[in-house]
Amino acid sequence: MNDRQIRFFDTTLRDGEQAPGYSMTLEEKTRMAVQLEALGVDVLEAGFAIASPGDFASVRQIARTVKTTTVASLARALPKDIDAAADAVREAVHPRIHTFLATSDLHLKVKLRMTRAAALERVRKMVAYARNRCAEVEFSAEDASRTDLDFLCRVVETAIAAGASVVNIPDTVGYSASEEFHDFIRAIMTRVPNLDRAILSVHCHDDLGLAVANTLAAIRAGARQVECTIGGIGERAGNAALEEVVMGLRTRRDYYKELSFNIRTTEIARTAQLLSRITGVKIAPNKAIVGANAFAHESGIHQHGVMADAKTYEIMTPESVGVKQTELVLGKHSGQHAFESRLRTLGYELAPEQAADLFSDFKALADRKKTILDRDLVALVESKMTARIRPEREWKLDTFVVNSGNHMSATAQVTLVRNGKTRQEAALGSGPIYAAFRAVEKIIRHKFALEDYRIEAVTERRDALGEVFVKISDKRGVYRGRGVSTDIIKGSILALLNAVNRMLEVGS
Ligand code: KIV
Ligand code: ZN
């Protein structure tokens, strides 16, 4: 197939989620999936259904939720994996099974202990098996870029003959050089006789920092599906960053010969920020397209040029990727209408009771902070968007008092409320936040370890909101929480409670 349409296959929720620090809950994955659909990805790999009951449930939930995007589940070339994938995507409007088998001699020998002939037979059988369970099947030849080219061409031909409508060529370990990968894809395009019946896809890893370059080179060679993740997250050094590939195609239309795609580039910033907020992993300031400095001009010469004509130093506009240049300011005189309308502009559609709840938080904040910027609003909303906790099980902060100084241990007294009942505890600590966390631990009577704690100012001014991120763990898992306040101790307790409520909900 050699049309002009590039299909974007997003694997943020599968390959991306496999990276340390990026695991997400079912609710978080579903929220990301909804945003990825708004971004316009053609295919969304929702997970690896056989990997765990949690993965299966997430894939199924996403399959039920998204409507226009194809939902894929990964599966090894084994009947039990394919069955799990098929069951998980069954309710999707457009389901796909993505099955894979390693094809390089190295993987065949040491990992699979299989001959090339046996691998070919497995591909034939398992693609056909998957085709029986789902109308759309993608086959990936893992470690394709280190596979003997003649053998790989036979694998691709076999997969297509058995019913795969997409065949993916991964550079699994990010080993290829760009020109080499271009030629490799071109060779497959010309040598596989039945390739007119399938779409050729690529999936590049970033071990040598070439994932995006290799993906674009493959497009030039004829690949028409590209597998990417938001921000390039993924195994080890990650995958090709979706936003970089798409903005490469858009900005250099002249070079890429007017290829088309369905990505709404104005949703890029929102999608990257949502991922960062959900996972608590910050976007590097110098990250292409989505980093805070991507459109900032610091040097005098650059500023002068941009003021004269932005094209001097900007090859794409911030607006084209959804970066808002102006932030609307709200304050204590702003009414609920202005507040809700601003939230809608920022992409939040809230239920009336949620909006009313947030509006009272907004008013309390506006009493302490003169001006409220979009970033403050987003932090406020996001700190409330957590997993669904049953109201009767939710611990809420009532009061706290802390005492600390440079010649004393810090003490904290915390009072929490749950289901109308208050409980109070006091604790000592090496600092006020630690003392407050110990008091919370005593109240909830559940031990946890603090895995991560971070605090950041949401905006630059002295009265800035502090946004606190905590990660805690118990025997069953890891839970994240977020809290915002102009008071960092209060923000810290709120973040901890946010994580604690998730932990207790899982355990109940
Ligand atoms: O990197 C890889 O080879 C993969 C496949 C499973 C597609 O992620
Ligand atoms: Zn991969």
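The structure under discussion appears in the preceding block.
All values derive from a computational prediction rather than experimental measurement. (Residues numbered from 1 in each chain as written. Chains lettered and ligands numbered in written order. Predicted model: local features only at pLDDT ≥ 70, side-chain atom pairs only at ≥ 80, totals over all residues. Heavy atoms only, no water.)

Turning next to the state of the cysteines. As enumerated under the stated definition, the model contains zero disulfides in all. Between Cys153, a cysteine without a disulfide, and Cys204, which holds the nearest cysteine sulfur, the sulfur-to-sulfur distance is 17 Å. The buried category is assigned to Cys153, whose relative accessible area is 7%. (Disulfide = S-S within 2.5 Å. Buried < 20%, exposed > 50% of the residue type's maximum accessible area, 1.4 Å probe, protein only.)

Six octahedral donors at a metal ideally form angles of 90 or 180 degrees, and four tetrahedral donors ideally form angles of 109.5 degrees. The protein atoms that coordinate the zinc ion (ligand 2) are Asp15 (OD), His203 (NE2) and His205 (NE2), at distances of 2.0 to 2.1 Å. In primary sequence terms, the donor set of the zinc ion (ligand 2) follows D-x187-H-x1-H. Taken together, the residues Asp15 in helix H1 (residues 12-16) and His205 in the loop between strand S7 (199-204) and helix H9 (211-221) connect sequence positions 190 residues apart. For the pair shown, Asp15 and His205 are each scored as buried. (Donors = N, O, S within 2.8 Å, 3.2 Å for Na, K, Ca; no water. Helix = DSSP H or I, 4+ residues; strand = E, 2+ residues; numbered from the N terminus.)

A few words now on empty space enclosed by the protein. Per the counting criterion, the structure on display carries one cavity of 30 Å³ or more. By volume, the largest cavity amounts to about 40 Å³. Along its surface, the largest cavity is lined by Glu28, Ile278, Phe469, Arg480, Gly481, Arg482, Asn498 and Arg502. At the level of elements, strand S15 (477-485) and helix H17 (488-507) are the ones that each hand at least two residues to the lining of the largest cavity. (1 Å grid on protein atoms, 1.4 Å probe; cavity = no way out; pocket = protein on both sides within 12 Å on 5 of 7 lines; lining within 4 Å. Points joined across faces, edges and corners; volume = space filled by probe spheres on them.)

We now examine the sheet that holds strand S14 (residues 466-474). Taken in spatial order, the three strands line up as S13-S14-S15 in an open sheet, and their pairing is antiparallel. The open sheet has two edge strands, strand S13 (449-457) and S15, and neither has a second partner. The mean angle between the axes of side-by-side strands here comes to 15 degrees, regardless of whether they run parallel or antiparallel. In this sheet, S14 lies alongside S13 in antiparallel orientation, the contact comprising eight bridges. Bridge pairing in S14 links Tyr453 to Val470. (Pairing = 2+ DSSP bridges. Axes fitted to C-alpha atoms, helices over the stretch in contact; angles between N-to-C directions.)

The α-helix winds at 3.6 residues per turn, so residues separated by three or four positions along the chain end up facing the same way. A rise of 1.5 Å per residue sets the reference length of helix H16 (residues 432-444), with its 13 residues, at 18 Å; its end C-alpha atoms lie 19 Å apart and thus fit the reference within 8%. Listing the buried residues of H16 in full gives Ile433, Ala435, Ala436, Phe437, Ala439, Val440, Glu441, Ile443 and Ile444. (Expected span 1.5 Å × (residues − 1).)

Here the focus is the pairing of strand S4 (residues 95-102). Burial of S4 is extensive: seven of the eight residues sit out of reach of the surface. Strand direction decides the pairing type here: strand S3 (residues 70-76) and S4, joined by six bridges, are parallel. By the bridge assignment, Leu74 is partnered in S4 with His98. Chirality of the crossover, the property in question, places the unit of S3, helix H4 (residues 79-89) and S4 among those that are right-handed. Here six bridges tie S4 to strand S5 (residues 137-142), and the two strands are oriented parallel to one another. When the bridges of S5 are listed, Ala102 appears paired with Glu142. (Right-handed = clockwise from strand over helix to strand, strands pointing away.)

This part takes up the site of ligand 1. Around ligand 1 sit Arg14, Asp15, His98, Phe100, Ser140, Glu142, Asn168, Pro170, Thr172, His203 and His205, and those are all the residues in its vicinity. Separating an oxygen atom of ligand 1 from a side-chain N or O atom of Thr172 is a distance of 2.6 Å. Between ligand 1 and the protein, one listed contact pairs an oxygen atom with a side-chain N or O atom of His203 at 3.1 Å. Coverage of ligand 1 by the protein chains reaches 94% of its 260 Å² of free accessible surface. At the level of elements, H1, S4, S5 and strand S6 (166-171) are the ones that each hand at least two residues to the shell around ligand 1. Of the residues assigned to the shell around ligand 1, the class counts are two nonpolar, six polar and three charged. (Near = heavy atom within 4 Å. Polar contact = N/O pair within 3.5 Å; in protein donor to acceptor, adjacent residues only side chain to side chain. Areas by Shrake-Rupley, 256 points an atom, 1.4 Å probe, with all protein chains shown as cover. Nonpolar A, V, L, I, M, F, W, Y, C, P; charged D, E, K, R; others polar.)

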